[in-house]
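Close look at the chain arrangement
In case you want the letters, here they are:
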Amino acid sequence: MPVTHQFVSAVAAGSTATDVLSTNWNADHWSTWTNSTAAFPETFATTGAGITSSNTSAVSTFASFIIPARALSSNRMLHLTAFGDYLVGSTAVANNWNVQVTLNSSRWIDSISTLAAVGAARQLVMVDVYVAALNSSGTWMLCGTLNVTTTNVAPFGVGRINLAGYSVNHSNVLFRSSATFTVTTGAASTLSIQFKWTGANSSLSFTHRSYFIEYI
Amino acid sequence: MPMTHQFVVSGADGSTAGEVLHSNWNADHYSTWTNSTAAFPEVLSRTGVAVVTSNSSAVSTFFSYVLPARVMGTNRTLRYTLFAEDFTGTTAVVNNFRWQVTHNSSRWTGLSTGELVPNTTTRGTFLQVWITALNSSATRKLWGRFIQSSVSLGTFGMGDLTSVGAAAQRFDLQIGSSVTYTVTSGAASTFSVQFNWVNANSSLRMTAVYSVLELI
């Protein structure tokens, strides 16, 4: 979040007030509206590596990120955005799946158990996860949105605009952990998104495509 | 938005072309892709301080920020994100509520009159608002997205992925000011988010958990 010069001057600061001292060179930069060194968002991590879970009911970890100790300070927020898609090739199998968003031991878990239709195209999944520090004592909140399309396709691509209301999406959910929770101040924390099919079958395929994390 | 050094040199520039002059040191930084001083997003405000309204029909201001004059330039966007939670303990009361997003006198106001189901636990609300400068004449447009979860729970945590379509969400709507509007060039303007229960009752509680305002 703070922005600095790459080069760090090791020279002791001089004493002439109107000179740019080595400490001035090494200092964090400011934003001009808020005069703050903490005003600049930063991208923490991003990956485009596809991870596929098919023909297995084992848990796959699609995104895992270690939040450095004190990174969220007293009021910072992380925003993780993840994209995936899946294909149900046959309804003759138990084609349900579970998703889990965890931060240390706090989490949201749920399952889709109503996948009745075979996908003519891959169904899209988008997850937005927000983790915010509510104070300087390590009290955090976790919440987010998860959207799953139906098997409807557009004239080109996936996702149909010609259906009213909610019928274009299979699921829209605003999720969160049960309550605010506490992490250990001074220790790192782990944010992760995990997925698993309820039953293994070769007609079931879920691919996590990418995610990125913004530090706000 | 512009990024500078914290220390400002007050002396006059020298005349040696190959040197870093005082004015160079004091200048806004550039982004390397766009060669722009305005390319860096800036977080204007974050707060994890909870604002609670219960047993009251008075208007609660969940967030208020005075935007400095010209902060949005000719084409900047503000993005506001709020996480909140509510609890309706009984249907024996008129448990309707009102949300309002205002920028000076322009606004969106929504009233929920169909709150029939008491919560078994707290319910989540997600509000995201964008305000964009459409030109250099201070013409603005406000729009956003408002989501409130149903009372359904996940396997662990809150938010029901199993419910198909609309069942997992109480509301999922796009909001906006009625038309574009104009603020006074050269003057500050106020952005705020407010809430009130229509009637006071001790079984009703809304808590604004976390807010962040970004200049993009």
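Fair warning: this is a prediction, and the values are worked out from it, not measured in the lab. (Residues numbered from 1 in each chain as written. Chains lettered and ligands numbered in written order. Predicted model: local features only at pLDDT ≥ 70, side-chain atom pairs only at ≥ 80, totals over all residues.)

Within chain A, the secondary structure is distributed over 1 helix and 13 strands. Of the regular secondary structure in chain A, the N- to C-terminal order runs α-β-β-β-β-β-β-β-β-β-β-β-β-β. Its C-alpha atoms give chain A a radius of gyration of 22 Å, clearly above 17 Å, the size a compact globule of 216 residues would have. Taken over the C-alpha atoms alone, chain A extends approximately 80 × 40 × 30 Å along its principal axes. The burial tally for chain A puts 35% of its 216 residues in the buried class. Taking the intrachain contacts of chain A between residues at least 6 apart in sequence as the baseline, contacts between residues at least 24 apart amount to 73%. (Helix = DSSP H or I, 4+ residues; strand = E, 2+ residues; numbered from the N terminus. Rg over C-alpha atoms; globule rule 2.2 N^0.38 Å. Buried ≥ 20, exposed ≤ 12 C-beta atoms within 10 Å, placed from the backbone. Contact = placed C-beta atoms within 7 Å.)

Attention now goes to the overall build of chain B. When helices and strands are counted, chain B shows 1 helix and 13 strands. In sequence order, chain B lays out its α and β elements as β-α-β-β-β-β-β-β-β-β-β-β-β-β. For 216 residues, the compact-globule estimate of 2.2 N^0.38 gives 17 Å, and chain B exceeds it by more than 25% at 22 Å. Dimensions of chain B, computed from C-alpha atoms along their principal axes, come out at roughly 80 × 40 × 30 Å. Counting the 216 residues in chain B, one finds 33% classified as buried.

A word on the interface of chain B and chain A. At the junction of the two partners, chain B supplies 46 residues and chain A supplies 49 residues. Listing elements by their share of the side of chain B that touches chain A, those giving two or more residues are strand 1 (3-4), strand 2 (42-47), strand 8 (123-133), strand 9 (139-149), strand 10 (169-176) and strand 13 (204-215) of chain B. Class assignment for the residues of the side of chain B that touches chain A results in 25 nonpolar, 16 polar and 5 charged. In the sheet, strand 1 (residues 30-31) of chain A pairs with strand 1 of chain B via 2 bridges, with the strands oriented antiparallel. Across the sheet, Ser31(A) pairs through a bridge with Met3(B), a residue of strand 1 of chain B. (Nonpolar A, V, L, I, M, F, W, Y, C, P; charged D, E, K, R; others polar. Pairing = 2+ DSSP bridges.)

This paragraph deals with the domain arrangement of chain A. Along its sequence, chain A is organised into domain 1 (1-38) and domain 2 (41-215). When each unit is reduced to the centre of its C-alpha atoms, the spacing between domain 1 of chain A and domain 2 of chain A is 40 Å. (Domains from an automatic or database assignment.)

With that out of the way, let us pick up the sheet that holds strand 4 (residues 60-67) of chain A. All names here are of chain A. Spatial strand order, 4-12-6-7: 4 strands in an open sheet with antiparallel pairing. Strands with a single pairing partner mark the edges of an open sheet, and in this sheet they are strand 4 and strand 7 (106-112). On average, each strand axis in the sheet is inclined to that of its neighbour by 5°, with strand direction left out of account. One ladder, built from 7 bridges, connects strand 6 (residues 97-103) with strand 7; its direction is antiparallel. (Axes fitted to C-alpha atoms, helices over the stretch in contact; angles between N-to-C directions.)

A few words now on the sheet that holds strand 4 (residues 60-67) of chain B. All names here are of chain B. Taken in spatial order, the 4 strands make up an open sheet running 4-12-6-7, and their pairing is antiparallel. Both outer strands of the open sheet, strand 4 and strand 7 (106-112), are each paired with one neighbouring strand and no more. Sheet twist, expressed as the mean angle between neighbouring strand axes with direction ignored, is 5°. In terms of strand pairing, strand 4 meets strand 12 (residues 189-197) through 7 bridges, oriented antiparallel.

Summarising the model, chain B shows a mean pLDDT of 89, and 95% of its residues fall at 70 or more. This complex was scored by the predictor with a pTM of 0.92 and an ipTM of 0.89. (pLDDT = per-residue confidence, 0-100.)

Our focus in this paragraph is the domain arrangement of chain B. Here the domain parsing of chain B yields domain 1 (1-40) and domain 2 (41-215). Between the C-alpha centres of domain 1 of chain B and domain 2 of chain B the distance comes to 39 Å.

A separate point is the nonpolar core. Val131(A), Ala132(A), Trp140(A), Met141(A), Leu82(B) and Phe83(B) are the most contacted members of the largest nonpolar core, which totals 82 residues. Ranked by residue count, the leading element in this core is strand 13 of chain B, at 8 residues. Once you skip the residues sitting within four places of it in the chain, Val131(A) turns out to touch Met77(A), Leu78(A), Leu103(A), Trp140(A), Leu142(A) and Leu191(A). (Core = buried A, V, L, I, M, F, W, Y, C linked by C-beta atoms within 7 Å.)

On to unusual backbone geometry. The residue Asn104(A) is not glycine, and still its phi comes out positive at about 55°. Summarising the element assignment, Asn104(A) is placed in the loop between strand 6 and strand 7. A positive phi is found at Ala138(B), a non-glycine position, where the angle reads about 70°. Structurally, Ala138(B) is set in the loop between strand 8 and strand 9.

So, on to the pairing of strand 10 (residues 169-176) of chain A. All names here are of chain A. Within strand 10, 8 of the 8 residues are buried, leaving the element largely enclosed by the surrounding structure. Inspection of the sheet shows strand 9 (residues 139-149) paired to strand 10 by 7 bridges, in the antiparallel sense. Looking across to strand 10, one finds that glycine 144 is bridged to phenylalanine 175.

Moving on: the environment of Asp28(B). All names here are of chain B. Inspection of the secondary structure puts aspartate 28 in the loop between helix 1 (22-26) and strand 2. Classification of aspartate 28 by C-beta neighbours within 10 Å gives partly exposed; the count is 14. For the pair aspartate 28 and valine 71, spaced 43 residues apart in the sequence, the C-alpha separation amounts to 15 Å.

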